[in-house]
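Summary of the model geometry
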Amino acid sequence: MLLIKNIGTLATPQGNTARCGAEQGRIKEYKNAAVLISGSGVITAITENGKLPENAENAEIIDACGALATPGLVDAHTHLVFGGWRAHEVPLKISGASYLDILNAGGGILNTLVNTRKASEDELFERALLFLDEQAALGITSVEIKSGYGLDKETELKQLRVIRRLNEAAAQDVVSTFLGAHAIPDEFKGNADGYIDYLIAEVLPEVAKEKLADFCDVFTESSVFNVEQSRRILLAAQKLGLPSKIHADEIDPLGGSELAGEIGAVSAEHLIATRDSGIAAMAASKTVACLLPQTSLYLGKPFARARDMISAGVPVAIATDFNPGSCPSLNIQLSMNLGYLKYRMYPGEILTAVTLNAACAIGMGEVIGSVEPGKQGDLVIWQADDIAMLAYRMGSNQVKTVIKKGKIL
Ligand code: NIG
Ligand code: FE
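As a starting point, this report considers the structure included with it. Note that this is a predicted model, so its numbers are computed, not measured.

Section: the site of ligand 1
Around ligand 1 lies a shell of 15 residues, among which Tyr99, Tyr149, Glu250, His270 and Ser326 are the nearest. The side chain of Tyr149 places a nitrogen or oxygen atom 2.6 Å from an oxygen atom of ligand 1. Coverage of ligand 1 by the protein chains reaches 100% of its 330 Å² of free accessible surface. Most atoms of ligand 1, that is more than half of them, are within 2 Å of grid points of the largest cavity. Of the residues that constitute the shell around ligand 1, the class distribution is four nonpolar, eight polar and three charged.

Written out as structure tokens, the structure is:
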């Protein structure tokens with residue numbers, strides 16, 4: 001049992017479902033609060049105004065010394081299992097090569113593919129575990145990880161097995177997404193349809209049988225997969241019980257966000273170039289828009305139309321997109337700063353975007369994402385007094401203490 005006492009402000013969204021419109025910014029604030037977490041890691045009581053929960057005599061105690069506490073942060077979009085880095089792309093980009101230029105020349109994702117195929121399962125696992133440790137220190141208590149650097153059956157399954165092992169070994173809850181349709185491997189060059197057929201016939205059934213993924217994702221993009229190919233793989237995965245996510249409108253608006261609405265995707269991600277029709281489609285299906293502002297920064301692209309999405313009633317989440325190409329950053333706090341500076345989101349909207357809405361984007365809204373009795377005891381105590389500080393200060397890790405399932409990390 002753990003008692004966190006003397007919390008100056010406990011700030012949290014509330015509920016089990018994604019918040020949209022004006023609700024996105026609605027934050028419950030308890031002053032001079034305490035939170036009691038049971039031995040099994042579940043929140044059992046929240047008190048305020050200096051009162052302490054009953055039956056807490058045997059609890060281990062943390063004194064928050066008047067600081068701000070929030071739910072643990074949820075990184076709902078990463079590509080955290082991969083071999084190698086891609087620092088050699090920096091000079092290419094400075095000379096003017098775009099993200100798709102590098103990919104079309106056999107670099108980018110295809111370069112990471114070579115290093116991921118080469119690496120053993122244990123090597124990938126040990127490295128990813130260190131990334132997750134770094135994320136824990138940054139306040140991230142749950143993480144989604146995608147495959148997509150194998151692009152053949154053997155390596156995709158290897159990546160997914162690593163992700164499942166990480167869920168057992170890391171401090172965080174780790175959710176797994178099958179992203180076999182991330183690029184077209186050389187074996188299928190010029191034959192995207194053939195590659196999708198292969199994934200559906202050979203790889204997806206194995207992924208489902210071994211229960212290696214919770215979601216299926218696809219990179220819907222010019223010179224990668226078109227809308228029809230994306231629809232095929234996502235519907236095939238739905239039939240096997242895997243709900244959909246989509247990398248949509250990252251560079252060109254091909255219709256990925258419209259497809260997300262049509263097939264009831266749980267989330268559509270990136271959405272840098274999304275049109276009005278895509279926003280309307282996502283609002284109608286309550287698809288969570290998972291926005292990745294550090295990727296916009298890193299690719300020198302515009303920032304997603306977060307305000308228009310919130311106005312239209314699309315629930316917005318914010319994540320990192322950690323990967324070796326378009327976002328080599330594990331730090332979701334920087335995404336929160338950009339949520340303020342570039343999306344013009346308010347501090348409460350940003351907090352919901354990295355907690356409850358992010359939890360819903362990974363199918364965990366009933367378990368994590370808010371501090372409420374019955375939810376898991378995942379909290380961050382900050383070196384800050386209020387949530388505006390989280391959007392405002394930049395470049396330092398503002399985390400003081402991280403608590404996962406009632407354990408201090
Ligand atoms: O979300 N766009 C596709 N996937 C990643 C990048 C992966 C990579 O470049 O290695 C993204 O930006
Ligand atoms: Fe991504």
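Let us keep going from here.
A few points about the environment of Leu103
In this structure, Leu103 sits in helix H2 (residues 99–104). Look at Leu103 and you get buried, because its relative accessible area is 6%. Along the primary structure Leu103 and Pro315 are separated by 212 residues, whereas in three dimensions their C-alpha atoms are 31 Å apart. Not counting chain neighbours up to four residues away, the residues in contact with Leu103 comprise Ile109, Leu110 and Val224.

Observations concerning the packing of helix H5 (residues 153–169) against helix H6 (residues 192–209)
Contact geometry of H5 with H6 gives a least axis separation of 10 Å together with a crossing angle of 30°. Taken together, the axis directions place H5 and H6 in an arrangement best described as roughly parallel. Considering the relative orientation of H5 and H6, their crossing is right-handed. Along its contact with H5, which presents Lys153, Glu156, Leu157 and Leu160, the element H6 presents Tyr198, Glu202, Val203, Glu206 and Val207. Of the residues belonging to the contact of H5 with H6, the class tally is five nonpolar, no polar and four charged.

What to know about the coordination of the iron ion (ligand 2)
Looking at the metal site, the iron ion (ligand 2) is ligated by His77 (NE2), His79 (NE2), His247 (NE2) and Asp321 (OD), spaced 2.1 to 2.3 Å from it. All donors of the iron ion (ligand 2) come from a single chain, and their spacing in sequence reads H-x1-H-x167-H-x73-D. Overall, His79 belongs to the buried group, its relative accessible area being 2%.

Topic: the packing of aromatic side chains
One pass over the full model with this rule turns up 12 aromatic pairs. Taking the centre distance of 5.7 Å and the plane angle of 70° together, the rings of Trp85 and Phe131 count as edge-to-face. Of this pair, Trp85 sits in the loop between strand S6 (73–75) and helix H1 (89–94) while Phe131 sits in helix H4 (residues 121–137); the two residues are 46 residues apart in sequence, bridging distant segments of the chain. Judged by relative accessible area, which is 8%, Phe131 ranks as buried. For the pair Phe188 and Tyr198, a centre-to-centre distance of 5.3 Å together with 35° between the ring planes defines the contact as tilted. Highlighted residues: Phe188 in the loop between strand S8 (173–181) and H6 and Tyr198 in helix H6, separated in sequence by 10 residues. Judged by relative accessible area, which is 21%, Tyr198 ranks as partly exposed. Through a chain of ring-to-ring contacts, three or more aromatic side chains come together here, namely Phe82, Trp85, Phe131, Tyr149 and Phe322. Directly above the ring of Trp85 sits Arg127, whose terminal nitrogen or CZ lies 4.9 Å from the centroid. Cation over ring: Lys245 sits above Phe215, and NZ or CZ is 4.8 Å from the ring centre.

A word on a nonpolar patch on the surface
The grouping of Val90, Ile94 and Tyr298 at the surface amounts to a nonpolar patch, some 320 Å² of accessible area in total. Structurally, Val90 is set in helix H1. On the basis of relative accessible area, Val90 is assigned to the partly exposed category, the value being 39%.

Digging into empty space enclosed by the protein
Within the structure shown, the criterion is met by three cavities of 30 Å³ or more. Within this model, the largest cavity holds a volume of roughly 70 Å³. In terms of lining residues, the largest cavity is bounded by His79, Tyr99, Tyr149, His182, Phe219, His247, Glu250, His270, Asp321, Asn323 and Ser326. Residues belonging to the lining of the largest cavity are distributed by class as follows: three nonpolar, six polar and two charged.

Details of the sheet that holds S8
If you trace the four strands from one edge of the open sheet to the other, you get S6-S7-S8-S9, paired in parallel fashion. Bordering the open sheet on either side are S6 and strand S9 (215–218), each of which pairs with just one other strand. Here the average twist between neighbouring strands, direction ignored, is 25°. Strand direction decides the pairing type here: S8 and S9, joined by three bridges, are parallel. Within S9, the position partnered with Phe178 by the bridge is Cys216.

Here's the deal with the state of the cysteines
Per the counting criterion, the structure on display carries zero disulfides. Sulfur of Cys360: no disulfide; nearest cysteine sulfur belongs to Cys20 and is 11 Å away.

So, the layout of surface pockets
Put simply, the largest pocket is a space of about 200 Å³. Lining the largest pocket are 13 residues, and of these Leu103, Asn104, Leu110, Ile184 and Lys189 lie nearest its centre. The class makeup of the residues in the lining of the largest pocket is seven nonpolar, four polar and two charged.

The rules behind each value
- Numbering of residues starts from 1 in each chain and follows the order in which that chain's sequence is written.
- To label them, take the chains in the order written and letter them from A, then take the ligands in the order written and number them from 1.
- Totals for whole chains, interfaces and linings use every residue, but because this is a predicted model, local features are given only for residues with pLDDT of at least 70 and side-chain atom pairs only at 80 or more, for both listing and counting.
- The basis for every side-chain value is the complete set of heavy atoms in the structure, and neither hydrogens nor water enter the calculation.
- Whether a residue is near a molecule or strand depends on its heavy atoms: if one lies within 4 Å, it is near.
- Contacts described as polar in this section are N or O atom pairs within 3.5 Å, which, within protein, must combine one atom able to donate a hydrogen with one able to accept it, while residues neighboring in sequence count only if both atoms come from side chains.
- Accessible surface area values rest on a Shrake-Rupley calculation with a 1.4 Å probe, where residue burial reflects the displayed protein chains alone.
- The way it works is a 1 Å grid over only the protein atoms, where trapped points that fit a 1.4 Å probe form a cavity and open points with protein on both sides within 12 Å along at least five of seven lines form a pocket, and then any residue with an atom within 4 Å of a point lines it.
- Assignment of a molecule to a cavity or pocket requires that more than half of its atoms lie within 2 Å of the corresponding grid points.
- The residue classification treats Ala, Val, Leu, Ile, Met, Phe, Trp, Tyr, Cys and Pro as nonpolar and Asp, Glu, Lys and Arg as charged. All others, Gly included, are polar.
- Helical segments are the DSSP runs of H or I of at least four residues, strand segments are the runs of E of at least two, and each set is numbered from the N terminus.
- Remark: exposure states derive from per-residue accessible area (1.4 Å probe, protein chains only) relative to the maximum for the residue type, with buried under 20%, exposed over 50%, and partly exposed in between.
- In what follows, a contact means two residues having at least one pair of non-hydrogen atoms within 4.5 Å.
- All axes here are fitted lines through C-alpha atoms, helices being fitted over the stretch that makes contact, and every angle between N-to-C directions spans 0 to 180 degrees.
- Working rule for angles: under 35 degrees goes down as roughly parallel, over 145 as roughly antiparallel, 65 to 115 as roughly perpendicular, anything else as oblique.
- The crossing is said to be left-handed when, going from far helix to near helix, the turn is anticlockwise and less than a right angle, and right-handed when the turn is clockwise.
- The rule for donors is simple: N, O or S, within 2.8 Å of the metal, or within 3.2 Å if the metal is Na, K or Ca. Water isn't counted, so a site may look like it is missing partners.
- Within 6.5 Å between ring centres, the rings of Phe, Tyr and Trp (the latter by its six-membered ring) count as paired, and their orientation is classed by plane angle as stacked under 30 degrees, edge-to-face over 60, tilted in between.
- Throughout this description, the term charge over a ring refers to an Arg CZ or Lys NZ atom that lies within 6 Å of the ring centre and within 35 degrees of the ring normal.
- Patch rule: a residue counts if its relative accessible area is over 30% and it has no salt bridge; like charges are joined within 9 Å, and nonpolar side chains (Val, Leu, Ile, Met, Phe, Trp, Tyr) within 5 Å.
- Here, a salt bridge means any side-chain nitrogen of Lys or Arg that lies within 4 Å of a carboxyl oxygen of Asp or Glu.
- Grid points are joined across faces, edges and corners, and a volume is the space filled by probe spheres set on the points.
- Strand pairing is assigned whenever DSSP identifies at least 2 bridges connecting the two strands.
- The disulfide definition used here is simple: a pair of cysteine sulfur atoms within 2.5 Å.

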